[in-house]
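Given next are the chains, with one letter for each unit.
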Amino acid sequence: MDDIEAIKQLKARYCRLLDTKDWSGMRHVFADDVVIDATGSGGSRITGGDTFIDYLSTQLADYLTVHHCHTPEITLDAATTATGIWAMEDRVRFADGRELTGFGHYHETYEKADGTWRIKSSALTRLRMDITEPTAGPQH
Amino acid sequence: MDDIEAIKQLKARYCRLLDTKDWSGMRHVFADDVVIDATGSGGSRITGGDTFIDYLSTQLADYLTVHHCHTPEITLDAATTATGIWAMEDRVRFADGRELTGFGHYHETYEKADGTWRIKSSALTRLRMDITEPTAGPQH
Amino acid sequence: MDDIEAIKQLKARYCRLLDTKDWSGMRHVFADDVVIDATGSGGSRITGGDTFIDYLSTQLADYLTVHHCHTPEITLDAATTATGIWAMEDRVRFADGRELTGFGHYHETYEKADGTWRIKSSALTRLRMDITEPTAGPQH
């Protein structure tokens, strides 16, 4: 598998392990010193793989999430570093019944160590975020 | 075209031929002894390419469907066998006006015979399935 | 990067530059004599890269758009020509508050000149287009 395909599958695991809440598997997706910047999406800036997994596993415990990523633009900068942009859509059903449907882009860097690509940094920018109240429609 | 790309295009044809109801084309996507397991999505377990096409062409005749697949994790196990996981979203507009919007993952195996990759098995697991009644909103 | 990956990233830039309204960057996505056929989606047929950028930048100035493309079927026909089909979903929030959610397929050709792939023609067919009125739901 070439490096571009390996990075695509890395982000695929990010989405799948996040939505299936596989936190121990999810930890391996990130470099130890990963920087996650959600300030462009109303969130915070978190440094460190362990810290981010602690945050996610607490924050999302009662939420149902769906994260879909599209049309990657991966650029290999050197043998062990790369950058990528992904279009994204996410759905979050909060514990109080509200729903988020959001759209934007992940702007990321990747690092290869011990033969494995990991996410080194990820910043989320938004095109649109819609919040719907629990009473919005007859859903079953 | 390498094997991973060929399998991605196989699943692309699955989605397109399904939503455009091209049943004769769709038959070629599947191995003769394909096993389709929709029990994780409220459906049934069907064996055989011909049987599954008969089922689909009858079941979906009056439904408008959209199936989108994302971020494949394809692994080549041997020269002629592979596994894959796809994130998915589907929309179904039923004949009575109800609408399904669903999210989940396809867990699949593939087999190469006569130089062509085909779907050997496919099981659908769900993150979320929403059903909306016809009266939910003013749609034109 | 191989030709199929280069064409995938070309379409990725199309989506991203369109939704971020980067019209000068968007111009480079298209061949000078590109043919855009939106007649299958209630639109018109436009010839020429400059003309199409003029059209887009005027037409979409007050609209918020999201375009996501999925599961490409890219076929290299010769060293410098290729065809492709993409599943697509788009969201448009019009200036009057109405919303379009649409689904369909882009049917495209590509041309490589001066080492760069560009979109030579693009025709959009639709599976489904939903228009929602501003009063449809409590959105914030």
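The structure contained in this document is the topic of the report that follows.

So, how was this worked out
- Residues numbered from 1 in each chain as written.
- Chains lettered and ligands numbered in written order.
- Predicted model: local features only at pLDDT ≥ 70, side-chain atom pairs only at ≥ 80, totals over all residues.
- Heavy atoms only, no water.
- Contact = heavy atoms within 4.5 Å.
- Buried area = accessible area lost by both parts, 1.4 Å probe.
- Polar contact = N/O pair within 3.5 Å; in protein donor to acceptor, adjacent residues only side chain to side chain.
- Helix = DSSP H or I, 4+ residues; strand = E, 2+ residues; numbered from the N terminus.
- Nonpolar A, V, L, I, M, F, W, Y, C, P; charged D, E, K, R; others polar.
- Pairing = 2+ DSSP bridges.
- Axes fitted to C-alpha atoms, helices over the stretch in contact; angles between N-to-C directions.
- Least-squares fit on C-alpha atoms with pLDDT ≥ 70 in both.
- Salt bridge = Lys/Arg side-chain N within 4 Å of Asp/Glu carboxyl O.
- Buried < 20%, exposed > 50% of the residue type's maximum accessible area, 1.4 Å probe, protein only.

1. Topic: the interface of chain B and chain A
- Taken residue by residue, the interface counts 22 residues in chain B and 23 residues in chain A.
- Surface buried jointly by chain B and chain A totals about 2,000 Å² across both partners, of which 54% is contributed by carbon and sulfur atoms.
- Contact with chain A buries area across many residues of chain B, yet Glu73, Leu127 and Arg128 of chain B alone supply 31% of it, more than any other trio.
- Scanning the region where chain B abuts chain A turns up 6 residue pairs in polar contact (both at pLDDT 80 or more).
- Of all the elements in the fold, those that place two or more residues in the side of chain B that touches chain A are helix H1 (3-19), strand S3 (64-76), strand S4 (81-93), strand S5 (99-113) and strand S6 (116-132) of chain B.
- Per-element accounting of the side of chain B that touches chain A gives the leading share, 6 residues, to S6 of chain B.
- Here the side of chain B that touches chain A is composed, by residue class, of 11 nonpolar, 4 polar and 7 charged.

2. Here's the deal with the sheet that holds strand S4 (residues 81-93) of chain A
Residues and elements named next belong to chain A.
- Taking strand neighbours across the sheet as the criterion, the 6 strands line up as S2-S1-S6-S5-S4-S3 in an open arrangement whose pairing is mixed. Of all the strands in the sheet, just strand S2 (45-47) and strand S3 (64-76) have a single pairing partner and so form its edges. Each strand axis lies, on average, 20 degrees off the axis of its neighbour in the sheet, ignoring direction.
- For S4 and strand S5 (residues 99-113), the ladder comprises 13 bridges, and the chain directions are antiparallel. Bridging from a neighbouring strand, Val92 pairs with Leu100 of S5.
- Each of strand S1 (30-37), S3, S4, S5 and strand S6 (116-132) is contacted by helix H1 (residues 3-19), which is oriented at about 165 degrees to S3, the strand it contacts most.
- Against the sheet, helix H3 (residues 49-59) touches S1 and S2, its axis set at about 55 degrees to S1.

3. Side note on the relation of the copies chain B and chain A
- Of the two same-sequence chains, chain B is brought onto chain A (RMSD 0.0 Å, axial shift 0.0 Å) by a rotation of 120 degrees. Taken together, the turn and the small shift mark the pair as related by a three-fold rotation axis. Nearest to the rotation axis, the C-alpha of His70 of chain B is located 3.9 Å from it, this being the minimum over chain B.
- A share of only 18% of interface residues in chain B that are also interface residues in chain A marks the association as one of differing surfaces.

4. Re the interface of chain C and chain A
- Counting residues at the interface gives 23 residues for chain C and 22 residues for chain A.
- Summed over both sides, the interface of chain C with chain A buries roughly 2,000 Å², with 54% coming from carbon and sulfur.
- At the junction of chain C and chain A, the tally comes to 5 salt bridges.
- Arg93 of chain C is the partner of Asp130 of chain A in a salt bridge, and the nearest nitrogen-oxygen pair spans 2.9 Å.

5. Here's the deal with unusual backbone geometry
All names here are of chain C.
- The backbone of Lys21 shows a phi angle near 55 degrees, a positive value even though the residue is not glycine.
- Turning to its location among the elements, Lys21 is positioned in the loop between helix H1 (3-19) and helix H2 (23-27).
- Despite not being glycine, Asp114 has its phi angle at roughly 55 degrees, a positive value.
- Note that Asp114 resides in the loop between strand S5 (99-113) and strand S6 (116-132).

6. Thoughts on the environment of Pro72 of chain C
- Looking at the element boundaries, Pro72 of chain C is found in strand S3 (residues 64-76).
- On the basis of relative accessibility, which here comes to 15%, the residue Pro72 of chain C falls in the buried class.
- Between the C-alpha atom of Pro72 of chain C and that of Ala87 of chain C, which follows or precedes it by 15 residues, the distance is 7.1 Å.
- With sequence-adjacent residues up to four places away left out, Pro72 of chain C is seen in contact with Gln9 and Ala12 of chain B together with Lys8, Ile85 and Trp86 of chain C.

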